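# Examination of the molecular architecture
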Amino acid sequence: MEVRVGIGYDIHRFEEGKRLIIGGVEIPFEKGFKAHSDGDILFHALTDALLGAIGYGDIGELFPDTDPSFKDMDSSVFLRKAKDIIDEKGYKISNIDSVIIIEKPKLLPYRERIRENTARVLEVEKSKVFVKAKTNEKLDSTGEGLGASCYVVVSIYKE
Ligand code: MG
């Protein structure tokens with residue numbers, strides 16, 4: 001069995017008047033992510049982790065933010081494309097772990113929905129997807145609430 005791992009990272013600023021979307025779930029908050037797409041930091045980091053695990057490229061190469069067709073795009077499209085590439089190469093997802101760094105709002109009430117929706121998009125069991133949220137202890141720009149970031153590690157395998 002061949003096992004590979006991938007890492008992904010993403011960060012976006014907050015902007016007034018945008019919907020806050022994390023893991024494809026809309027979270028009530030007065031701001032959302034400033035981005036060309038919907039700015040979903042979890043789906044962007046996860047897309048990069050999957051692509052990185054097979055050495056395929058990154059989200060910016062596949063979906064350039066200069067392409068108007070990706071404007072306000074639902075980021076599940078990017079994630080699904082990465083999953084299709086993994087499938088084509090014959091890999092399966094072993095597990096996904098993630099850390100979202102966000103000062104406000106609290107994500108714990110939405111964690112299970114975020115896990116369920118991420119698992120749905122990837123067609124894996126929810127038990128394979130984990131999401132943790134942390135504050136930055138008010139340190140640095142994320143801690144000041146100017147934006148939020150996300151780290152993802154994924155493990156894939158081929159039998
Ligand atoms: Mg991004």
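We now turn to the structure provided with this report. What you see is a predicted model, and the numbers here were worked out from it, not measured in a lab.

Here is what the cut-offs are and how they apply
Residues numbered from 1 in each chain as written. Predicted model: local features only at pLDDT ≥ 70, side-chain atom pairs only at ≥ 80, totals over all residues. Heavy atoms only, no water. Helix = DSSP H or I, 4+ residues; strand = E, 2+ residues; numbered from the N terminus. Buried < 20%, exposed > 50% of the residue type's maximum accessible area, 1.4 Å probe, protein only. Contact = heavy atoms within 4.5 Å. Pairing = 2+ DSSP bridges. Axes fitted to C-alpha atoms, helices over the stretch in contact; angles between N-to-C directions. Phe/Tyr/Trp six-rings, centres within 6.5 Å; stacked < 30°, edge-to-face > 60°.

All right, on to the environment of Gly-147 then. Looking at where Gly-147 falls in the secondary structure, it is placed in strand E7 (residues 147-158). For Gly-147, a relative accessible area of 8% corresponds to the buried category. Sequence separation between Gly-147 and Gly-55 is 92 residues, and the spatial gap between their C-alpha atoms is 29 Å. Dropping the residues within four chain positions of it, Gly-147 is found in contact with His-12, Arg-13, Phe-14, Ser-141 and Thr-142.

So, on to unusual backbone geometry. Backbone geometry follows two general trends: most residues other than glycine have a negative phi, and most peptide bonds adopt the trans configuration. A cis amide bond, omega 0°, links Lys-104 with the succeeding residue Pro-105. Positionally, Pro-105 belongs in the loop between strand E5 (92-101) and helix H4 (111-122). The backbone of Glu-137 shows a phi angle near 55°, a positive value even though the residue is not glycine. Relative to the helices and strands, Glu-137 is located in the loop between strand E6 (129-134) and helix H5 (140-143). Under the relative-accessibility criterion, Glu-137 is labelled exposed at 64%. The phi torsion at Asp-140 lies on the positive side, around 60°, for a residue other than glycine. As for its position among the elements, Asp-140 is in helix H5.

What follows deals with the sheet that holds E5. With mixed pairing, five strands are arranged side by side in an open sheet as E4-E1-E7-E5-E6. Of all the strands in the sheet, just strand E4 (31-33) and E6 have a single pairing partner and so form its edges. When the angles between neighbouring strand axes are averaged without regard to direction, this sheet yields 20°. Note: E5 against E6, six bridges, orientation parallel. Bridge pairing in E6 places Ser-98 opposite Val-131. Running over the sheet, H4 touches E5 and E6 and is turned about 140° from E6.

With that out of the way, let us pick up the pairing of strand E1 (residues 2-16). Side-chain direction in a regular strand flips from residue to residue, so the side chains alternate between the two faces of the sheet. Pairing geometry for E1 and E7, over twelve bridges, is antiparallel. Looking across to E7, one finds that Tyr-9 is bridged to Tyr-151. Examined bridge by bridge, E1 and E4 share three bridges and lie antiparallel to one another. In the sheet register, Phe-14 faces E4, and the bridge partner there is Phe-33.

As a further point, take the packing of aromatic side chains. According to the stated counting rule, one finds six aromatic pairs in the structure shown. Residues Phe-14 and Phe-33 carry aromatic rings whose centres are separated by 5.2 Å and whose planes lie at 10° to one another, so their mutual orientation is stacked. Linking Phe-14 in strand E1 with Phe-33 in strand E4, this pair joins segments that are 19 residues apart in sequence. Relative accessible area serves as the criterion here: at 0%, Phe-33 is assigned to the buried category. These aromatic residues form a ring-pair network of at least three members: Phe-14, Phe-29 and Phe-33.

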